[in-house]
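# Architecture at a glance
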Amino acid sequence: MDQEFFEGLAKNVNDGPTPFINLAQLQAEVVEERHVRLRLSLGDLHKNHVGIAYAGSEFILAEIAGGTLFMATYGTDVYVPILKSVELKFVKPGTKDLYVDISLTEEEAAEKIKPVEERGRGDYFLDIPVYDVDGEQVAQMNFNYYALPAKK
């Protein structure tokens with residue numbers, strides 16, 4: 001994977017194939033091998049009826065970060081991740097811009113994909129904390145992606 005590949009993944013965060021996700025206007029601050037940092041500006045679009053971060057917006061931030069990390073780790077030629085399930089825990093109200101900063105070591109990446117490689121598809125688990133710009137955790141999301149063979 002080269003720099004152009006990672007730039008394409010970063011562009012895909014807010015200008016990709018899913019119009020609903022594009023509306024969120026997530027900002028890709030870092031997209032590199034095994035490391036992703038996405039930011040969500042907490043403007044009116046992402047505030048709920050009591051003025052805090054909308055749960056769906058926090059979910060989109062974490063889910064897109066996780067999918068982008070998968071592709072920044074394993075590429076897009078062999079597997080594609082889809083969401084199978086998620087467990088969400090909201091820790092405190094998000095009242096400021098939010099971010100997700102996740103990475104995998106080479107060893108963690110190999111361990112996570114091993115069961116998928118053995119079967120040619122399978123579960124892929126990723127725990128993703130969501131923070132505000134002050135570094136306070138606002139949510140914890142535990143994703144179960146399902147890695148499918150990429151269509152060639």
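These remarks concern the structure in this document. If you're wondering where the values come from, they're calculated on a predicted model, not measured in any experiment.

### A look at the environment of Asn12
Topologically, Asn12 is positioned in helix α1 (residues 3-12). It is 24 Å that separates the C-alpha atoms of Asn12 and Gln140, two residues lying 128 residues apart in sequence. Beyond its immediate sequence surroundings of up to four residues, Asn12 is in contact with Pro17 and Asn22.

### Some details on the sheet that holds strand β4 (residues 98-103)
By definition, the strands of a sheet pair up through backbone hydrogen bonds, in either a parallel or an antiparallel sense. Taken together, 6 strands build an open sheet; the order of strands is β1-β2-β4-β5-β6-β3 and the sheet is antiparallel. Across the chains shown, the open sheet's two edge strands, defined by having one partner strand only, are β1 (27-32) and β3 (79-90). Here the average twist between neighbouring strands, direction ignored, is 20°. Strand direction decides the pairing type here: β3 and strand β6 (residues 137-149), joined by 11 bridges, are antiparallel. The residue of β6 that forms the bridge with Leu88 is Met141. Docked against the sheet, helix α3 (residues 55-74) engages β1, β2 (35-40), β3, β4, β5 (122-132) and β6, running at close to 45° with respect to β6. Strand contacts of helix α4 (residues 106-119): β3, β4, β5 and β6, with the helix running at about 150° to β5, the strand carrying the most contacts.

Basis of the calculations
Residues numbered from 1 in each chain as written. Predicted model: local features only at pLDDT ≥ 70, side-chain atom pairs only at ≥ 80, totals over all residues. Heavy atoms only, no water. Helix = DSSP H or I, 4+ residues; strand = E, 2+ residues; numbered from the N terminus. Contact = heavy atoms within 4.5 Å. Pairing = 2+ DSSP bridges. Axes fitted to C-alpha atoms, helices over the stretch in contact; angles between N-to-C directions.

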